[in-house]
Structure formats: C-alpha cells, structure tokens
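# Inside the fold
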Amino acid sequence: NEVELGELLLSLNYLPSAGRLNVDVIRAKQLLQTDVSQGSDPFVKIQLVHGLKLVKTKKTSFLRGTIDPFYNESFSFKVPQEELENASLVFTGRHIQRIVLGIEDDLERVIFKNFLSGI
C-alpha cells in the first residue's frame, strides 16, 4: 500500500556558458495535510550534492494553511560543467509545525541523481 505524497512541479535548466543550474519551484499539489483544521505550512528545501558532499541548501518561502502551495520561486546554483556528472539535487517538501515553532517535518523527498550527465 503506497501512500500518495502529492506532486511537485519543477523546471530545471543549465546554462553551460555561465556554469549555472537554474531551478524553478512552481507549485506543489495535494501535499499531506498535517493540521486537520488549517492545512499545512509547507515549503521546499533544495539541496545540491556533489558525490556524498552537501554543497548548498536553499529554501522556498513557506505558505500558511495550504496543501496546494503556489511558489513560483527561482534558485540558481553554481555548477561547473565538469562537475555535472557527480551533481545531484534533493528536493524535500517540509512543513513548519505551528504548535512548537522551529520544528520542521518532512512531507516528501525527491532525489535527482546524476540526471545532469547527459548535458
């Protein structure tokens, strides 16, 4: 029995001349509802990993009381073309618990491993 974790709509592109990987986090749909009365306070954490080493982490803003957040936020990572083959992106849907501020829980996680090697 698989649990439906929702959807994450992204756009990825690489600019070889600038050595930049651009990530657009557009929206999420039907995330797990963590607060029965008020939805969730979701955000997306994006991690750039080279091999097993975490290089950079970025986050979207968090949106209150929704399981269908619309972000339309762009992020850019410096990735030289010779490092693309070992680069991975980890996208984690998270939410902030309102009762205990500062605590974050994972909603879902997507990992793109070595997807850049064909560029």
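Note that the coordinates shown come from a computational prediction; the quantities given were computed from them, not determined experimentally. (Residues numbered from 1 in each chain as written. Predicted model: local features only at pLDDT ≥ 70, side-chain atom pairs only at ≥ 80, totals over all residues. Heavy atoms only, no water.)

To continue, consider the overall build of the protein chain. Scanning the protein chain for helices and strands turns up zero helices and seven strands. Of the contacts made within the protein chain by residues no fewer than 6 positions apart, 59% connect residues no fewer than 24 positions apart. (Helix = DSSP H or I, 4+ residues; strand = E, 2+ residues; numbered from the N terminus. Contact = heavy atoms within 4.5 Å.)

With that out of the way, let us pick up unusual backbone geometry. Despite not being glycine, Asn72 has its phi angle at roughly 50 degrees, a positive value. Looking at the element boundaries, Asn72 is found in strand β5 (residues 70–78). By relative accessible area, which is 56% here, Asn72 ends up exposed. (Buried < 20%, exposed > 50% of the residue type's maximum accessible area, 1.4 Å probe, protein only.)

This next bit is on the nonpolar core. In this structure, Leu21, Val23, Val25, Ile46, Phe77, Val79 and Leu89 are the most contacted members of the largest nonpolar core, which totals 18 residues. For this core, the secondary structure elements donating two or more residues are β2 (20–29), β3 (42–50), β5 and β6 (87–96). Among the elements that make up this core, the one with the highest residue count is β2 (four residues). Contacts of Val25, omitting those with residues within four sequence positions, involve Leu8, Leu9, Leu10, Val44, Ile46, Thr60, Tyr71, Asn72, Glu73 and Phe75. (Core = buried A, V, L, I, M, F, W, Y, C linked by side-chain atoms within 4.5 Å.)

In this section: the pairing of β5. Along β5, the buried face is formed by Tyr71, Glu73, Phe75 and Phe77; none of Phe70, Asn72, Ser74, Ser76 and Lys78, which line the opposite face, is buried. Direction of pairing for β2 relative to β5: antiparallel, over a ladder of seven bridges. Bridge pairing links Leu21 to Phe77 in β5. (Pairing = 2+ DSSP bridges.)

Once that is clear, we can look at the side chain of Lys45. Secondary-structure assignment places Lys45 in strand β3. Ignoring any residue separated from it by four or fewer positions in sequence, one finds Lys45 in contact with Thr57, Lys58, Lys59, Val90, Phe91, Thr92 and Arg94.

On to the sheet that holds β2, then. Backbone hydrogen bonds hold the strands of a sheet together, and the pairing may be parallel or antiparallel. The strand order across the open sheet formed by three strands is β1-β2-β5, and the pairing between neighbours is antiparallel. The open sheet has two edge strands, β1 (7–15) and β5, and neither has a second partner. Taking each pair of neighbouring strands and ignoring which way they run, the sheet shows an average axis angle of 15 degrees. Bridge count for β1 against β2 is nine bridges, and the pairing is antiparallel. The residue of β2 that forms the bridge with Leu15 is Arg20. (Axes fitted to C-alpha atoms, helices over the stretch in contact; angles between N-to-C directions.)

Turning our attention to the packing of aromatic side chains. Counted by the stated rule, this structure contains zero aromatic pairs. Across from the ring centre of Phe77, 4.9 Å away, lies the NZ or CZ of Lys58, which sits over that ring. (Phe/Tyr/Trp six-rings, centres within 6.5 Å; stacked < 30°, edge-to-face > 60°. Lys NZ or Arg CZ within 6 Å of the ring centre and 35° of its normal.)

These values are about where atoms sit, not about what they do.
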